[in-house]
Amino acid sequence: MKMRIKEAEHKYVSEVLASEFRTSKLTGMTTRFEQAFVKKFGTKFGVSHINGTATMHSALAAAGVGPGDEVIVPPLTMASTSLVVLHQNAIPVFADIDPDTFTLDPESIRKSITEKTKAIIPVSVYGLSPDYDSIMEIAKHNNLYVIEDNAECFLGYYKDRLVGTLGHMASFSFQASKHMTSGEGGIVITDDESLADKMRAFSIVGYDIVSAKAGKITKDVLQNPNYARHTSFGYKYKMPDLCAAVALGQLEQLDMLVESRKSNAKKFLEIVKDCSWLKPQKEPDGYVNSYYTLAMLLDLDSVDFTWHQFRKQFLDFGGDGFYAAWLPTYREPMWKTQDHRVLDVINRFGNHQKFLDYYIEHCPNEENIQPRIIQLKTNYLDPARCQQQVEIFAKTIRRFS
């Protein structure tokens, strides 16, 4: 049976532990990981972080997003994509999704742009890239930054280009469920040295001596009584060396980890292809889905059972179950809180109900699709276990057919 954590991860963690975290014996593990990651993705700079939410926060700060600015985001994703906008005291604006790919719809992006729009955060949801040619054209025309949210997409492709190399900055997450993990962690990659410099400083409490290429502060500098440390505002978002050690080992087997998920997804797709009431996420020509999960729509209009009944039958047959989509972010209860950043958004509409009504009307595809989504697991490293689940899912389909 294949194991997710292998010898390399243990080796690199041992190196860090052997240093006893003394500044005189540090391994430079975080820098080693950053350099290996940007080499893998063919970009110039990488700034590692403690998680994939902090990455996007730093990216927005580097882009100059601030109070009153608007950032266009999809409603079909984890709420972090919107929360980081609030962290910058800015306004998340929800654009609708494409009904077939489930990714941001470029036409809805166009309709959502105002004079206050500063950036777009497209999400490669479930492992599939959005239409970046259209998005980058819109961004160029309107002088907007594009920050890729690739938490669920490693080694995916868009028209022969690696996802992560298409926007101005690209964020990745190493949370436990992702293609590669360090328990928690993340990285932002970019070819723009100025943006990387700003992200580095923002992620290390505004220290002036750090840069795109170096995140280490030397003892000679720190021991100078005249050293003015903080020349800009920032947070303590730096990735710990222990997490970097695990991430470096994971990076070395990333191709295998991604190919395993793609192979598992294709096994499920083979049994779904003849089912008229299950519609997999569309993978357009020239796209390569890295299949964080295998997403599909259950056509509730053409069947006489519910989403919950279908899932329960899968579980009763011995299946692992499947996940639902997140609530549309604008439907999350947090929008009823009294946090001043939330109120800044709600007050633009008058009250919470008007805010909700607006986005229900503005995002009809999201409203239609979200209750119907099924996410099947693809992270099986044991082929026999995956095949067992495929057969159980096929049995479940036959039961309702």
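The structure we're discussing is the one just above.
Keep in mind the model is a prediction, meaning the values are calculated, not measured. (Residues numbered from 1 in each chain as written. Predicted model: local features only at pLDDT ≥ 70, side-chain atom pairs only at ≥ 80, totals over all residues. Heavy atoms only, no water.)

A.B. asks: Which parts of the structure should I look at to understand the overall build of the protein chain?
C.D. replies: The number of helices and strands found in the protein chain is 15 helices and 13 strands. Compactness check: the protein chain gives a C-alpha radius of gyration of 22 Å against a globular reference of 21 Å for 401 residues, within 12% of the reference. Expressed as a percentage of the 401 residues in the protein chain, the buried residues total 53%. In the protein chain, of all internal contacts separated by at least 6 residues, the share reaching a separation of at least 24 is 70%. When the accessible surface of the protein chain is split by element, carbon and sulfur atoms take 50% of a total near 17700 Å². Placing the 46 positive and 49 negative side-chain charges of the protein chain at their respective mean positions leaves the two points 5 Å apart. (Helix = DSSP H or I, 4+ residues; strand = E, 2+ residues; numbered from the N terminus. Rg over C-alpha atoms; globule rule 2.2 N^0.38 Å. Buried < 20%, exposed > 50% of the residue type's maximum accessible area, 1.4 Å probe, protein only. Contact = heavy atoms within 4.5 Å. Areas by Shrake-Rupley, 256 points an atom, 1.4 Å probe, with all protein chains shown as cover. Lys, Arg positive; Asp, Glu negative; His and termini not counted. Charge placed at Lys NZ, Arg CZ, Asp CG, Glu CD.)

A.B. asks: I'm lost on the pattern of salt bridges in this one. Help?
C.D. replies: Working definition: two side chains of opposite charge can pair if their charged atoms are close together. The full count for this structure, using the stated rule, is 21 salt bridges. Close ionic contact of lysine 312 with aspartate 316 constitutes a salt bridge, the shortest N to O distance being 2.9 Å. Here the residue lysine 312 and the residue aspartate 316 both occupy positions in helix H11 (residues 307-316), the gap between them amounting to four residues, near one helical turn. Through salt bridges with shared partners, one network takes in Lys11, Glu15 and Arg32. (Salt bridge = Lys/Arg side-chain N within 4 Å of Asp/Glu carboxyl O.)

A.B. asks: Explain the environment of leucine 128 to me, please; I cannot follow it from the model alone.
C.D. replies: With respect to the helices and strands, the residue leucine 128 is situated in the loop between strand S4 (117-120) and helix H6 (132-142). Setting aside residues no more than four positions away along its own chain, leucine 128 makes contact with Thr101, Thr103, Val123, Gln281, Lys282, Glu283, Pro284, Tyr287 and Asn289.

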